[in-house]
Amino acid sequence: MSDAQFDLTGRVALVTGASRGIGRALALALARHGAAVAVHAASRAAEAEAVAREIAAIGVRSTAILADLGDVAACRGLPEAVAARLGPIDILVLNASTEIRQDWQAIDLDAFDRQVAVNFRSTLLLIQGTVPGMMARGWGRVVTLGSIQEVKPNPQLLVYAALKSAQANLVRNLARQVAAAGVTVNNLAPGAIATERNRTVLADAEYRARVEAQIPAGRIGVPDDCAGACVLLCSEAGRYINGSTLFVDGGWHVA
């Protein structure tokens, strides 16, 4: 494949949950391939602005934007806000999520509702707010961030795991409906990745060893391990990949 097939110059990307971790890595990777990037965060304004400055230093346009994806109005307003600053969204990377660890018998409705709103409802609302424009322009990319939880659910993440599986089903369904208009929809599913969110659990040596023993590659991943796959799915190089889940997990999903 030529470098031109990975060139995203002129494209505008929105990456949700991009102030740190996997989202930051994906936002920077898209920028390095030429895309202008809106760095979304729920509340970490300083961190989002720092990522936007990193992207601007690469030589492409960027903006930091805050929105609570648990709020319907915020979700509906986000695509318009990005378009006002950078232009219409060509690439939508749905990375933001919330996970609440609870035993299944202890799951409360507030935790349930919050996870449904952020992890699934916002996916639909942001797709509704961006994909019609992509279809009208004849080109677009949607990448949802799934999880190893789709196939290896953690007992303390019953709701989170179920919603990631629901999201993958949404991807397969939507991909069939928009492909003819030049839009692809795919699901990128990381395995165990060393992020700020996972720092506490991975600091437990016994827990970390137990996880690593299940991964054929024998190690925990890092956010940059997800970057190349995202660029592929968002570029012309990946134009014939549609409705797929791409696991980036060191082989854990087949172990």
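Here is what the cut-offs are and how they apply
Residues numbered from 1 in each chain as written. Predicted model: local features only at pLDDT ≥ 70, side-chain atom pairs only at ≥ 80, totals over all residues. Heavy atoms only, no water. Pairing = 2+ DSSP bridges. Helix = DSSP H or I, 4+ residues; strand = E, 2+ residues; numbered from the N terminus. Axes fitted to C-alpha atoms, helices over the stretch in contact; angles between N-to-C directions. Core = buried A, V, L, I, M, F, W, Y, C linked by side-chain atoms within 4.5 Å. Buried < 20%, exposed > 50% of the residue type's maximum accessible area, 1.4 Å probe, protein only. Contact = heavy atoms within 4.5 Å. Polar contact = N/O pair within 3.5 Å; in protein donor to acceptor, adjacent residues only side chain to side chain.

**Q** Help me understand the sheet that holds strand S6 (residues 183–190) in this model?
**A** In a beta sheet, neighbouring strands pair by backbone hydrogen bonds and run either parallel or antiparallel. The sheet built from 7 strands is open, its strands ordered S3-S2-S1-S4-S5-S6-S7 with parallel pairing. Looking at the sheet topology across the chains shown, the edges are occupied by strand S3 (62–66) and strand S7 (245–248). Averaged over all neighbouring strand pairs, the angle between strand axes comes to 20 degrees, with direction disregarded. Where strand S1 (residues 12–15) lies against strand S4 (residues 91–94), 3 bridges are found, and the strand directions are parallel.

**Q** Is there a simple way to explain the nonpolar core in this structure?
**A** Side chains of nonpolar character tend, in soluble globular proteins, to be buried together. Ranked by size, the top nonpolar core spans 35 residues in total, and within it Leu30, Val37, Val39, Ile55, Ile91, Val93 and Leu188 carry the most contacts. Of all the elements in the fold, those that place two or more residues in this core are S1, helix H1 (21–32), strand S2 (36–41), helix H2 (45–58), S4, strand S5 (140–145) and helix H8 (227–234). Element by element, the count of residues in this core is highest for H1, at 7 residues. Sequence-distant contacts of Val37, defined by excluding residues within four places in its chain, comprise Ala13, Val15, Ala27, Leu30, Ala31, Ile55, Arg61, Ser62, Thr63 and Leu86. Listed in part, the 28 residues of the second largest apolar core include Ala38, Val131, Val171 and Val178.

**Q** Is there a simple way to explain the side chain of Gln149 in this structure?
**A** By the element assignment, Gln149 lies in the loop between S5 and helix H5 (158–178). Classification of Gln149 as buried rests on a relative accessible area of 10%. A distance of 2.6 Å separates the side chain of Gln149 from the backbone nitrogen of Asn154, its partner in a polar contact. Among residues more than four places away in sequence, those in contact with Gln149 are Asn154, Leu157, Tyr160 and Ala161.

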